[in-house]
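# Architecture at a glance
Spelled out from the first residue to the last, the chains are:
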Amino acid sequence: MPIVPDMPDVPAGGGDHQDDRGAARLSGPLFRDEATPQAERPAPSSQTPQEPMTGAAPHSQSEPEPQPQPQQKKSAGRDLGAAIGVGVGLGAVIIASLFIVKAVFVGVIAVAVVVGLWELTSRLDERKGIKAPLVPLAVGGAAMVVAGYVRGPEGAWVAMALTALAVLVWRMTEPPDGYLKDVTAGVFAAFYVPFLATFVAMMLTADDGAWRVLTFLILTVVSDTGAYAIGWRFGKHKLAPRISPGKTREGLFGAVLFAMVAGVLCMQFLIDDGTWWQGLVIGACVAASATLGDLGESMIKRDLGIKDMGTLLPGHGGIMDRLDSLLPTAPVVWLLLVLFVGSA
């Protein structure tokens, strides 16, 4: 999710063990009538004077009444101040480069791709012992973004094929053990990060390219914001508890609603020859692709046994934790805009 902090992933049913332990404690000698038979109770000492019976237990022997626990407030699970500050800073860099010099924005995409590849390959190596070759991935990934901007889809496909070939050859310099899993992970990383990001660069080539990219960013951010806001306030029914327990069906509804409204506004006011019904379609598709992208990276992180892909962005995690919904949404928005208003 681009700038909205994730809801914490809390394993489903995590409180059952605590309830069991609490029940075990209540069965102990705290309730002396139930736990300590009369025969086993110690006889009063003859040296200690007996207190008169008053119908209530003496204060020294009475059990303290349980204090009511304060109700806990919902928490976002992250430092919201840092998350908002980092999000605003990233947004400023993106907007400035997007509308001043397009080539600078292409460079921003390439840098994000290289950092994302570094995070992904590092986590694969640390957690699974998979050594996807970073050098050909980084060089090929940056070249892929530039090729997509300069030569369009044909350039992106050619760069993708050459990057995959470079991964295969580069890995041959190492011992053969683990060759198959290393190159498979490398080709997957090349497709998942730079190839999908190339569609953002291809949006930029149109006459209104900056506005197309801005529409893509707005819709993805609004979708994530709607899912977070509605899910945090009203979420009760889990969407995919085995993958991401924090996501709810109510949150998905919020994502669709917010994205469709934003899509209507963007297509009406930002995109040349756009219409309101096209905004409804694009908004619904963005909500679906952003949610699937978020769940896809959550599945990867669960398989790796980690919470975040990195720590580069305070309050957000790593670059890949912000690209999770953007990457699969980029080809969706690019294709729909080409179909609705053309590629020029």
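See the structure above.
Residues numbered from 1 in each chain as written. Predicted model: local features only at pLDDT ≥ 70, side-chain atom pairs only at ≥ 80, totals over all residues. Heavy atoms only, no water.

Check the secondary structure of the protein chain and you find 11 helices and two strands. By residue count, 41% of the 344 residues in the protein chain fall in the buried class. Across the protein chain, contacts joining residues at least 24 apart in sequence account for 73% of those joining residues at least 6 apart. Of the roughly 19,100 Å² that the protein chain leaves accessible, carbon and sulfur atoms contribute 66%. (Helix = DSSP H or I, 4+ residues; strand = E, 2+ residues; numbered from the N terminus. Buried < 20%, exposed > 50% of the residue type's maximum accessible area, 1.4 Å probe, protein only. Contact = heavy atoms within 4.5 Å. Areas by Shrake-Rupley, 256 points an atom, 1.4 Å probe, with all protein chains shown as cover.)

Summed over the entire model, instances satisfying the criterion amount to eight salt bridges. Across the pair Asp-303 and Lys-128 runs a salt bridge whose closest N-O atoms are separated by 3.3 Å. One end of the pair, Asp-303, is in helix α9 (residues 276-304); the other, Lys-128, is in helix α4 (residues 102-128), and 175 residues separate them in sequence. Among the residues examined, Lys-128 registers a relative accessible area of 38% and is labelled partly exposed. (Salt bridge = Lys/Arg side-chain N within 4 Å of Asp/Glu carboxyl O.)

Per the counting criterion, the structure on display carries seven aromatic pairs. Taking the centre distance of 5.3 Å and the plane angle of 20 degrees together, the rings of Phe-191 and Phe-195 count as stacked. One end of the pair is Phe-191 and the other is Phe-195, both in helix α6 (residues 179-203) and four residues apart, which spans about a single turn. When its relative accessible area of 38% is taken as the criterion, Phe-191 is described as partly exposed. These aromatic residues form a ring-pair network of at least three members: Trp-157, Phe-191, Phe-195, Phe-199 and Trp-334. (Phe/Tyr/Trp six-rings, centres within 6.5 Å; stacked < 30°, edge-to-face > 60°.)

This part covers the side chain of Glu-250. Along the chain, Glu-250 turns up in helix α8 (residues 249-269). One buried charge, Glu-250, has no salt-bridge partner; the nearest side chain with opposite charge is Arg-249, at 6.8 Å. In contact with Glu-250, not counting residues within four places along its chain, are Ile-230, Phe-234, Gly-235, Lys-236 and His-237. (Lys, Arg positive; Asp, Glu negative; His and termini not counted.)

With their axes 10 Å apart at the nearest point, helix α7 (residues 209-234) and helix α11 (residues 326-341) run at an angle of 130 degrees to one another. With respect to α11, the element α7 is oriented oblique. The chirality of how α7 crosses α11 is right-handed. The residues of α11 that touch α7, namely those facing Arg-212, Phe-216, Leu-217 and Thr-220, are Leu-326, Thr-329, Ala-330, Val-333, Leu-337, Val-338 and Val-341. Taken together, the residues of the contact of α7 with α11 break down into eight nonpolar, two polar and one charged. (Axes fitted to C-alpha atoms, helices over the stretch in contact; angles between N-to-C directions. Parallel < 35°, antiparallel > 145°, perpendicular 65-115°, else oblique. Left-handed = near helix turned anticlockwise from the far one by under 90°. Nonpolar A, V, L, I, M, F, W, Y, C, P; charged D, E, K, R; others polar.)

Turning our eyes to something else, we now look at α6. Between its first and last C-alpha atoms α6 spans 36 Å; for 25 residues at 1.5 Å apiece the expected length is 36 Å, and the two agree. Helix geometry: α6 is bent most strongly at Phe-191, by close to 30 degrees, with proline Pro-194 lying one to four residues after it. (Expected span 1.5 Å × (residues − 1). Bend = angle between axes of the 7 residues up to and from the residue.)

What follows deals with α9. For the α-helix, the turn length of 3.6 residues means that residues three or four positions removed from each other point alike. Taking 1.5 Å of rise per residue, the 29 residues of α9 would be expected to cover 42 Å, and the 42 Å separating its terminal C-alpha atoms lies within 8% of that figure. Residue Gly-305 follows α9 closely and has a positive phi angle near 75 degrees.

This part covers the nonpolar core. Most often, soluble globular proteins have nonpolar side chains that are buried together. Membership of the largest hydrophobic core comes to 61 residues, with the highest contact counts inside it found for Ile-109, Val-213 and Phe-216. The biggest single contributor to this core is α6, with 14 residues. The contacts of Ile-109, once residues within four sequence positions are left out, are Val-145, Ala-197, Val-200 and Ala-201. (Core = buried A, V, L, I, M, F, W, Y, C linked by side-chain atoms within 4.5 Å.)

Looking at the secondary structure, you find Pro-314 in the loop between α9 and α10 (319-323). Put simply, Pro-314 and Ile-84 are 230 residues apart on the chain and 9.6 Å apart in space, counted from C-alpha to C-alpha.

Orientation of α4 relative to α6, taken along the N-to-C sense of each, is 155 degrees, at an axis distance of 10 Å. In terms of their interaxial angle, α4 and α6 are classed as roughly antiparallel. Like other packed secondary-structure pairs, α4 and α6 cross with a definite hand, here right-handed. Judged by residue contacts, Phe-105, Ile-109, Val-113, Leu-117, Leu-120, Leu-124 and Lys-128 of α4 engage Lys-181, Ala-185, Phe-188, Ala-189, Tyr-192, Val-193, Pro-194, Ala-197, Val-200 and Ala-201 from α6. A class-by-class count of the residues in the contact of α4 with α6 yields 15 nonpolar, no polar and two charged.

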